[in-house]
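Descriptive analysis of the structure
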Amino acid sequence: YAASSAAKNSAPVVGGNCISISPMHALTALGGDDGIVRFWDNRVPQGGAQDDMNLNPFCTLDVKSSTAGYGFYDQSSLLSFENPNEVTSIAFDDTGMQIAAGTKGGNVALYDIRSSKPLHVKEHQYGLPIHTLRFHSSSGTILSGDPKLVKVWRSKPSAVMSTYGNDDIPE
């Protein structure tokens, strides 16, 4: 009885699917199966010999809320345990100032790390999990891959953006 009551009072267990370390900052990002990316500062000691299970992030990013309403994920094919908002891939750019997070439902959200609002959400047309994200710094593009395709799209402003308003950018 004591073990079951202790389990009721403990925090829920969340699985991590992907991890990325910023190339410029002492940040580690962990993408969770609950749609949240958790950040840790690698310079701050965590826990100790008696507290190894309580690694508390200093910041979180709610990708689930940012990608709600986007995508082509087929809800009718959902198994009872599947979560289309699960973060399946994350990557920092070379400067460490942008992070991209891909979901099981086939969306990629691009963020400036100083904001919780995405700069852009890219939808993959098949609703399949994003398994790979890479920034191509010299071209200012992001490569995002799911099991059927790889998309290449702009992560930085271009001459096209200065010609069009931000809402009128052709893809």
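The preceding data block contains the structure.
Here is a short report on the structure shown in this document. For clarity, every value in this text was computed on a predicted model and none was experimentally measured.

Spatially, the four strands line up as an open sheet ordered 1-2-3-4, and their pairing is antiparallel. The sheet terminates laterally at strand 1 (16-21) and strand 4 (59-62), the two strands that pair on one side only. Averaged over all neighbouring strand pairs, the angle between strand axes comes to 20°, with direction disregarded. When strand 3 (residues 36-41) meets strand 4, the two strands line up antiparallel, connected through four bridges. Bridged to valine 37 within strand 4 is leucine 61.

Here a ring pair, both rings aromatic, is described through the centre-centre distance and the interplanar angle of the planes. In this structure the tally under the stated criterion is one aromatic pair. With a centroid separation of 6.5 Å and an interplanar angle of 65°, the aromatic rings of phenylalanine 39 and phenylalanine 92 are classed as edge-to-face. A residue pair is termed long-range when its members are at least 10 positions apart, and phenylalanine 39 in strand 3 and phenylalanine 92 in strand 5 (residues 87-92) qualify at 53 residues. Here phenylalanine 39 falls in the buried class, since its relative accessible area comes to 6%. Note that lysine 148 overlies the ring of tyrosine 126, its terminal NZ or CZ placed 4.7 Å from the centroid.

Here is what the cut-offs are and how they apply
Just so you know, the residues in each chain are numbered from 1, in the order the chain's sequence is written. Reporting in this predicted model follows two pLDDT cut-offs: at least 70 for local features of residues, and 80 or more for side-chain atom pairs to be given and counted; totals over whole chains, interfaces and linings ignore these cut-offs and use all residues. The basis for every side-chain value is the complete set of non-hydrogen atoms in the structure, without hydrogens or water. Strands are treated as partners if at least two bridges between them are detected by DSSP. A run of H or I in DSSP becomes a helix once it reaches four residues, and a run of E becomes a strand once it reaches two; helices and strands are each numbered from the N terminus. Fitted lines through C-alpha atoms give the axes, limited to the stretch in contact for helices. The angle between two N-to-C directions lies from 0 to 180 degrees. Centre distance within 6.5 Å is the pairing criterion for rings of Phe, Tyr and Trp, where only the six-membered ring of Trp is used; planes under 30 degrees apart are then read as stacked, over 60 as edge-to-face, and the remainder as tilted. Note on exposure labels: buried denotes an accessible area under 20% of the residue type's maximum, exposed denotes more than 50%, and partly exposed covers the range between, all computed with a 1.4 Å probe on protein chains only. Sitting over a ring, as applied to charges here, requires NZ of Lys or CZ of Arg to be within 6 Å of the ring centre and within 35 degrees of the ring normal.

So far we have only geometry, and geometry alone does not tell us how the molecule works.
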